[in-house]
Amino acid sequence: MALRSGRTRQAGRNGEAEVTRKPLGAVRRAQAITTYGVGSVIAIEDQSYIVSGLDSWRVWPSDKVYEPRLQHWLQVANFQLPPADEPSSGDGIRVRLFPEMYSCGTCKKLQEFKRFGSLASRSVCGACDKPLTPSRFVIACENGHLDDFPYFEWVHKKSAPTREVDQQTKHELTLESSGQTASLRSVVIKCSCGVPPASLEGAFGGGAMSALGIKCKGRRPWLGRDAKEPQCIAIPRTLQRGASAAWFSITRSALSIPPWSQTLQQRLNEHYNWLAKKLERGLPESEILEDIKEHPHLTDDGRFPPEAVLAAVHRRRELEASALPDSDEAAMFESANKLRQEEYNHLYDGTGSVARDENFECMQAPGDGSALPYGINRSMLVKRLREVRALESFTRVTMPDPAGGDTRRAAMANGTMDWLPAIEVSGEGVFLAIDEHLVRAWEQRPGPVRRAQQIWLNHTAILRERAERAGSTKLPGDIKSPVTPRYVLLHTLAHVLINEWSLDCGYPAAALRERLYVDQDMAGVLIYTATSDSAGSLGGVVAQGEHRKLYETLESALTRTEWCSQDPPCMESEASGIDSLNLAACYACVLLPETSCETNNVFLDRAMLVGTPDDPATGFFYKGD
């Protein structure tokens, strides 16, 4: 990443001399969509920055990523890998100084960075030549806006004129810490005008800003100083600068499945727009076929007839004209949308052997199924898969709900962009389908219904509260959680298998990931390698899907799940986890690294697998006496 400073000159890709900038730091490409994406705050040495909008990123045509199904869902022309910027020119991902308020630990001054008289590259106080410290606190709202903490308003409360009106009195702020305690009571703001000092105690309260009459200014510093959204009605909240609540990514992903994973479609990616425009102009297909013949790369030197290429173009145009996967405004889990349904069908049926340059290979584990564990209908070995993950947007203060419904999204750029940042990972996995007859009978039992209802009630209350804060016009009765016993079962099963397989095949749990397929007509889970580094290519996950091996590991996982070191409180819990959306689930038994879970470790209950001491029949894998 780089700031607009430290200019030098070097030869560009086109051979011409161009202005470059000294790099400030670097992050991995995957972090640019998960941790340090657009609008996130990042600490680099002794300064703090915010990652600028996509319109300032320097991306290259050679770094385009294609996944037609995901492109259609997110309505973009393509994806771009976050710039690696090699050789380093300091002009890949731009950042801006934020927060603007800094303090000096020696002279105690608290003011904007530019008023200290420091060079942008040094971050020292111009008066005492001592290091400066960026403000620890910022304010943000649920609409994604971000601003400096209002120190002036905080110390003056409502007893003094605004700084714009009060021109006769000099206001110089200082920040001091008594050091007596680690609480905010020890952090004191003073002003040279003589107003009584004010500690920061209470600044994190939900109504702290509204009590002072401070409203959200709609600032979007990642898009520029003057990039504001006026008339924001959300109430700003105080956050620590590096708090996780200051930035939540909204990522979308899709697997490459046939026909889009096939070699022909891969070769068509770079040429599709050119051929589609010819069809839109109404050119004769005979003329288009002649143009295709003149591009041996597209036909793979005769491997694909021009007619097959043109048929592939027509198929992609049909995809673009089809309904969007999330066209239904009702809140629903991503695991039930159209993209997942398409993936489920291909994972369930398999592909057999495919060409070496294709991105999807899935086949049924050998055997007649007699060695499959109870409750498992099918085990598929996914020997080759490719996943594309894109950063769609981000939120602040409140974590995005896994069930959707909340449409608030922060802007990623000034204006409309036809691309989004994304990464692609390749790996392997195992797909398991649950016995449909068994699960239909199980989800009618009183135990699963009762426990899922507890989670459903808590989640519905949260969805309605968020809708009310967002000014939704929906009636409260129309807002309902999509949580079902089936979803909690499949989700918890994925977690216990990931924990077991991480012990059995040597993977760290963070290198494995779940992908759920849950609806009235779907009951499956894919566990696969999910990292773009070496930990995702160790091999060995596919072997876990072989019938005898799966039987052993599932039995072991269920045995571990029956007991937790936090029992009995864990099993007897009526609400746990974020927003009380779990039941019997904690870090000692079921929870995973958040990168491995689709829903940030919520909607989990191990009693759905093994039952409770009072009601063993609650467990799906309970076979009776």
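Report follows, based on the coordinates. All of these numbers come straight from a predicted model, not from anything done at the bench.

Comments concerning the overall build of the protein
Working step 1: Scanning the protein for helices and strands turns up 16 helices and 22 strands.
Working step 2: Within the protein, the proportion of its 625 residues that are buried is 52%.
Working step 3: A fraction of 69% describes how many contacts in the protein between residues 6 or more apart in sequence connect residues 24 or more apart.
Working step 4: Of the roughly 28800 Å² of accessible surface on the protein, 48% is carried by carbon and sulfur atoms.

A look at the side chain of Arg252
Working step 1: Mapped onto the elements, Arg252 comes out in strand E17 (residues 248-255).
Working step 2: You can call Arg252 buried: its relative accessible area is 18%.
Working step 3: Here Glu392 takes part through its side chain, which lies 2.9 Å from a polar atom of the side chain of Arg252.
Working step 4: Contacts of Arg252, omitting those with residues within four sequence positions, involve Leu70, Trp73, Leu74, Glu334, Val388, Arg389, Ala390, Glu392 and Arg409.

Thoughts on the sheet that holds strand E9 (residues 109-112)
Working step 1: Strand order in the open sheet formed by six strands is E10-E8-E9-E13-E14-E15, and the pairing between neighbours is antiparallel. This sheet does not close on itself; its edge strands, each paired only once, are strand E10 (132-134) and strand E15 (198-199).
Working step 2: Summarising the sheet, E9 and strand E13 (residues 173-177) pair through two bridges and their orientation is antiparallel. When the sheet's bridge partners are listed, Lys109 is paired in E13 with Thr174.

A few points about the pairing of strand E4 (residues 47-51)
As a general feature of sheets, a regular strand has side chains that alternate between the two faces.
Working step 1: Extensive coverage of E4 is indicated by the burial of five of its five residues.
Working step 2: Because side chains alternate across E4, one face comprises the buried residues Gln47, Tyr49 and Val51, and the other comprises Ser48 and Ile50, equally buried.
Working step 3: Sheet topology note: the strand E3 (residues 41-44)/E4 ladder contains four bridges and is antiparallel. Bridge pairing in E4 places Ala43 opposite Ser48.
Working step 4: In the sheet, E4 pairs with strand E7 (residues 95-97) via three bridges, with the strands oriented antiparallel.

Focus on helix H10 (residues 338-349)
Working step 1: Over its 12 residues, H10 extends 17 Å from the first C-alpha to the last, a length consistent with the 16 Å expected when each residue adds 1.5 Å.
Working step 2: Those residues of H10 that sit buried are Leu339, Arg340, Glu343, Tyr344 and Leu347. Within H10, the buried residues cover an arc of 130° as seen down the axis, which keeps them to one side.
Working step 3: N-cap assignment for H10: the residue whose side-chain oxygen lies 3.2 Å from the backbone N of Leu339 is Asn337.

Focus on the packing of helix H6 (residues 272-280) against helix H7 (residues 285-293)
Working step 1: As a packed pair, H6 and H7 sit with axes 10 Å apart at the nearest point and diverge in direction by 165°. Regarding the angle of H6 to H7, the classification is roughly antiparallel. Relative to H7, H6 is oriented so that their crossing is right-handed. Within the contact between the two elements, H6 uses Trp274, Leu275, Lys278 and Leu279 and H7 uses Ile288, Asp291 and Ile292.
Working step 2: Tallied by class, residues from the contact of H6 with H7 come to five nonpolar, no polar and two charged.

Cut-offs and rules
- Residues numbered from 1 in each chain as written.
- Predicted model: local features only at pLDDT ≥ 70, side-chain atom pairs only at ≥ 80, totals over all residues.
- Heavy atoms only, no water.
- Helix = DSSP H or I, 4+ residues; strand = E, 2+ residues; numbered from the N terminus.
- Buried < 20%, exposed > 50% of the residue type's maximum accessible area, 1.4 Å probe, protein only.
- Contact = heavy atoms within 4.5 Å.
- Areas by Shrake-Rupley, 256 points an atom, 1.4 Å probe, with all protein chains shown as cover.
- Polar contact = N/O pair within 3.5 Å; in protein donor to acceptor, adjacent residues only side chain to side chain.
- Pairing = 2+ DSSP bridges.
- Expected span 1.5 Å × (residues − 1).
- Arc of directions from axis to C-beta.
- Axes fitted to C-alpha atoms, helices over the stretch in contact; angles between N-to-C directions.
- Parallel < 35°, antiparallel > 145°, perpendicular 65-115°, else oblique.
- Left-handed = near helix turned anticlockwise from the far one by under 90°.
- Nonpolar A, V, L, I, M, F, W, Y, C, P; charged D, E, K, R; others polar.

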